[in-house]
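# Remarks on the overall topology
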Amino acid sequence: GCNGDCFLVNGVCELKKNCADWPESWQDAYGSTCSDYVDHLGCTSLGGFGPGWNEADWGTFEDYAVDRYAANLACCGCGGGNTSSQVNCGHHLATECSSCPQGQGALWCNGDCFWVDGSCVLKDERVNCGGHVAADCSSCLEGHGPAGCNGDCFLVNGVCELKKNCADWPE
C-alpha cells in the first residue's frame, strides 16, 4: 500500500505536493491527529479504512468528525486535506505565500511558506537548512560545512540531501 504523505499514481508511490492537513492541527472527537491515523494505518491515501481501523467496533470516520471534518476530509495522508491552488499560511489560506503576511510580517508566514530576507516564500522554492535557507540541500553546505545541513535536509556520506516523507508500505 501507499500511505502517509504519499499517493499512488500509475502504480508508483509518490510524495504528495501542495497538500496541507486542513483545518490545521485537526483532531478527531477523541483527540487523534492526522499523524495518528497515518502512523497507525487507520486510513489509506485514497480515503478508505486502513488495516489499522476496526470498522466493526469503531464505525466510520464520520463517527469521529469534528465540525463536519472527518480524517478522510481533513488529512492529506487519508485522501483529504487542502489540495487547492491556495497555500496554507499557518492559520489561514492565501493564493500565494507573498499574500500570507497581510501586514503582519513573519508571524503570519507559516505552514507551506517561510520567511526569508523579508519575504514570505513557498517552502518548495527554497529549503530550510536549519539555521539558514538555500536554493537546494547541496547549497546548504556552502559557507557552513556539514553543520549547515539540517532542517529539511540531512547528511548522507558527505552529501546534503532532501528528507523525504514517502515510503512504500509495507516495505
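In case you missed it, the structure is sitting above this.
The notes below deal with the structure included here. Residues take numbers from 1 onward in each chain, read along the sequence in its written order. At least 70 in pLDDT is required for a residue's local features to be given in this predicted model, at least 80 for side-chain atom pairs to be given and counted, and no such filter applies to totals for whole chains, interfaces and linings, which use all residues. Remark: hydrogens and water are excluded; side-chain values derive from all non-hydrogen atoms of the structure.

### Digging into the overall build of the protein
The cut-off we apply is this: Per the convention used, a helix needs a DSSP run of H or I reaching at least four residues, while a strand needs a run of E reaching at least two, with both numbered from the N terminus. Throughout, exposure labels follow a simple rule: accessible area from a 1.4 Å probe, protein chains only, divided by the maximum for the residue type, with under 20% read as buried, over 50% as exposed, and the rest as partly exposed.
Secondary structure summary: the protein contains three helices and 10 strands in total. Reading the helices (α) and strands (β) of the protein from amino to carboxyl end gives β-β-α-α-α-β-β-β-β-β-β-β-β. Within the protein, the fraction of its 171 residues that count as buried is 35%.

### A look at the packing of aromatic side chains
Here is the rule: In this analysis, rings of Phe, Tyr and Trp, with Trp reduced to its six-membered ring, are considered paired at centre separations within 6.5 Å, and the interplanar angle assigns stacked below 30 degrees, edge-to-face beyond 60, and tilted for intermediate values.
Scanning all chains against the criterion turns up nine aromatic pairs. Measuring from ring centre to ring centre gives 5.8 Å for Y37 and W53, while their planes differ by 20°; the resulting arrangement is stacked. Residue Y37 is located in helix α1 (residues 34-39), and its partner W53 is located in the loop between α1 and α2 (55-58); the two are separated by 16 residues in the primary sequence. W53 carries the same exposure label as Y37, and that label is buried. An angle of 80° between the planes, with centres 5.2 Å apart, marks the rings of W53 and W58 as edge-to-face. Since its relative accessible area comes to 12%, W53 is described here as buried.

### Quick look at the pairing of strand β9 (residues 153-156)
Selection criterion: Paired strands are those between which DSSP finds at least two bridges.
Pairing geometry for β9 and strand β10 (residues 159-162), over four bridges, is antiparallel. Its bridge partner being in β10, V156 is matched across the sheet by V159. Counting the residues that bridge the hairpin from β9 to β10 gives two residues, and of these N157 lies at a positive phi of roughly 50°.

### A short note on the state of the cysteines
The criterion, for reference: Throughout, disulfides are identified as pairs of cysteine sulfur atoms within 2.5 Å of each other.
Here the structure, examined in full by the defined rule, presents eight disulfides. Between the sulfur atoms of C97 and its disulfide mate C113 the distance is 2.0 Å. What sets the handedness of the C97 and C113 disulfide is the S-S torsion sign, and at about -75° it is left-handed. Linking C97 in the loop between β4 (93-94) and β5 (113-116) with C113 in strand β5, this pair joins segments that are 16 residues apart in sequence.

### Here we look at the pairing of strand β6 (residues 119-122)
Every other side chain in a regular strand lies on the same face of the sheet, so the side chains alternate between the two faces. Pairing between β5 and β6: four bridges, direction antiparallel. Opposite F114, over in β6, you have V121 as the bridge partner. Linking two consecutive strands that pair antiparallel, namely β5 and β6, is a turn of two residues; a positive phi of about 50° is found at D117 within it.

### Topic: the environment of C89
To keep things clear, this is the line we draw: Residue contacts follow a heavy-atom distance rule, with two residues in contact if any of their heavy atoms lie within 4.5 Å.
Within the element layout of this structure, C89 appears in the loop between β3 (87-88) and β4. Considered as a pair, C89 and D112 are 23 residues apart in the sequence and their alpha carbons are 6.1 Å apart. Not counting residues within four places of it along the chain, the set of residues in contact with C89 comprises A94, C100, W108, C109, N110 and G111.

### Notes on the layout of surface pockets
Heads up, the condition is: Here a cavity denotes grid points, spaced 1 Å and computed from the protein atoms alone, that fit a 1.4 Å probe unable to get out, and a pocket denotes an open set having protein on both sides within 12 Å along at least 5 of 7 lines; residues with an atom within 4 Å of a point are the lining. Grid points are joined across faces, edges and corners, and a volume is the space filled by probe spheres set on the points. Gly counts as polar in this scheme, as do all residues outside two lists: the nonpolar Ala, Val, Leu, Ile, Met, Phe, Trp, Tyr, Cys and Pro, and the charged Asp, Glu, Lys and Arg.
What the second largest pocket holds in volume is close to 180 Å³. Class assignment of the residues belonging to the lining of the second largest pocket gives a composition of four nonpolar, four polar and two charged.

### Remarks on the environment of W58
With respect to the helices and strands, the residue W58 is situated in helix α2. Given a relative accessible area of 38%, W58 falls into the partly exposed group. Leave out the neighbours within four places in its chain, and W58 touches G52, W53, D63 and Y64.

### A closer look at the nonpolar core
Applied cut-off: We call a set of buried Ala, Val, Leu, Ile, Met, Phe, Trp, Tyr and Cys residues a nonpolar core when their side-chain atoms join them within 4.5 Å.
In terms of nonpolar packing, the biggest core is built from 13 residues, with W26, Y37, C43, F61, A71, C75 and C78 touching the most fellow members. Mapped onto this core, the elements with two or more residues apiece are α1 and α3 (71-74). Beyond its immediate chain neighbours, meaning those up to four positions away, W26 contacts S32, T33, C34, Y37, V66, Y69, A70, A71, A74 and C75.

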